[in-house]
Amino acid sequence: MNDDAAPVGAVVDAGAAKRTVIVSSMASDSHTWNLVYLELLLGELGFDVVNLGACVPDELLRSEYLSRRPALLVLSSVNGHGYQDGLRVIRRLREFPQAHRAPVVIGGKLGIGGALTEDEVGQLLLAGFDAVFDDQRDPAPFHRLAAELSTGSAQLPVRVEGAEA
Ligand code: B12
């Protein structure tokens with residue numbers, strides 16, 4: 001993914017709850033240990049983690065994002081439908097960018113045929129995600145992003161990670 005294809009980046013929202021991170025699945029996905037893993041990881045980094053759990057309806061996800069104003073929203077999906085769910089959800093979240101514009105990232109096992117293609121990753125980024133962490137790629141960039149956010153040293157817009165060059 002080159003820089004030209006990156007979406008308009010996230011901005012630091014002065015009204016955002018800087019220590020709050022929302023972790024969530026999306027409507028189709030009932031897996032939960034992926035969410036527990038992310039909750040523990042982000043908790044260890046000092047965030048207040050709100051774990052919305054599995055099979056979260058789009059409207060609930062949107063209302064939690066807008067009302068809690070998190071510093072970061074982490075979407076996780078492993079059932080193979082993450083690409084479709086993610087495209088639909090991010091379009092809803094980005095519908096009214098003036099309402100709240102914190103970084104939103106997605107990761108897990110997002111497709112049914114192994115790693116997403118470069119084109120699919122690009123579609124997710126263009127739709128509004130700030131980063132895509134597909135399961136079969138290096139997890140280190142996510143750890144680094146979360147750690148930087150926890151110390152307030154993250155450079156926003158978030159640099160696109162996870163995509164192969
Ligand atoms: C347990 C399990 C279930 C349980 C879930 C119970 C529960 N309460 O969670 C049940 C039986 C319900 C289930 C159902 C299904 N499952 Co299932 N399940 C698994 C299994 C065996 C383990 C998942 C797990 O808990 N892993 C432990 C957690 C900690 O790891 P993880 O989920 O892999 O997440 C890691 C990474 O993906 C990553 N990650 C995840 N999200 C994010 C987000 C970010 C931002 C980042 C950086 C990283 C990240 O970090 C995690 C730690 O490394 C996996 C196979 C496997 N061995 O992985 C299949 C698996 C996930 N299931 C699969 C499938 C297909 C299904 C079903 C569709 C089966 C069916 N036909 O009904 C349904 C889907 C139900 C639904 N509506 O979602 C497939 C998905 C295939 C794909 N993506 O292409 C898998 C991979 C099995 C397989 N090899 O085919 N499943």
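Quantities reported herein were computed from a predicted structural model and do not represent experimental measurements.

**Student:** It is not clear to me how the overall build of the chain should be interpreted in this structure. Could you clarify?
**Tutor:** Of the regular secondary structure elements, the chain holds 5 helices and 5 strands. Traced from its N-terminal end to its C-terminal end, the chain shows the element sequence β-α-β-α-β-α-β-α-β-α. Buried residues in the chain amount to 39% of all 165 residues. Contacts in the chain between residues at least 24 apart in sequence constitute 80% of all its contacts with a sequence separation of at least 6.

**Student:** Hey, could you run me through unusual backbone geometry in this one?
**Tutor:** Leave glycine aside and you will find that most residues have negative phi; peptide bonds, for their part, are mostly trans. Located in the positive-phi region is Cys 55, a residue other than glycine, with phi close to 50 degrees. Here Cys 55 lies in the loop between β2 (48-51) and α2 (58-68). In this model, Arg 69 sits at a positive phi of 50 degrees, which is unusual for a non-glycine residue. Among the residues examined, Arg 69 registers 17 C-beta atoms within 10 Å and is labelled partly exposed.

**Student:** Is there a simple way to think about the packing of α2 against helix α3 (residues 82-93) in this case?
**Tutor:** In a pair of packed helices, the angle between the axes and the distance between the axes together describe the arrangement. Relative orientation of the contacting elements α2 and α3 amounts to 40 degrees, with a least axis distance of 10 Å. The angle between α2 and α3 places the two elements in the oblique class. Between α2 and α3 the crossing geometry is right-handed. Residue-level inspection shows Asp 58, Leu 61, Arg 62 and Tyr 65 of α2 in contact with α3, the latter providing Arg 88, Val 89, Arg 92 and Leu 93. Classifying every residue of the contact of α2 with α3 by side-chain character gives 4 nonpolar, no polar and 4 charged.

**Student:** Honestly, the nonpolar core in this entry has me stumped. Any pointers?
**Tutor:** Burial of nonpolar side chains together is a common tendency in soluble globular proteins. Ranked by internal contacts, the top residues of the largest apolar core, which has 39 residues, are Val 21, Val 23, Leu 73, Val 74, Val 104, Phe 129 and Val 132. Looking at which element gives the most residues to this core, the answer is strand β3 (residues 70-77), with 5 residues.

**Student:** Looking at this structure, how should I read the environment of Arg 68?
**Tutor:** If you trace the backbone, Arg 68 turns up in helix α2. Taking the C-alpha atoms as reference, Arg 68 lies 8.6 Å from Ile 22; in sequence the two are 46 residues apart.

Rules and cut-offs
- Residues numbered from 1 in each chain as written.
- Predicted model: local features only at pLDDT ≥ 70, side-chain atom pairs only at ≥ 80, totals over all residues.
- Helix = DSSP H or I, 4+ residues; strand = E, 2+ residues; numbered from the N terminus.
- Buried ≥ 20, exposed ≤ 12 C-beta atoms within 10 Å, placed from the backbone.
- Contact = placed C-beta atoms within 7 Å.
- Axes fitted to C-alpha atoms, helices over the stretch in contact; angles between N-to-C directions.
- Parallel < 35°, antiparallel > 145°, perpendicular 65-115°, else oblique.
- Left-handed = near helix turned anticlockwise from the far one by under 90°.
- Nonpolar A, V, L, I, M, F, W, Y, C, P; charged D, E, K, R; others polar.
- Core = buried A, V, L, I, M, F, W, Y, C linked by C-beta atoms within 7 Å.

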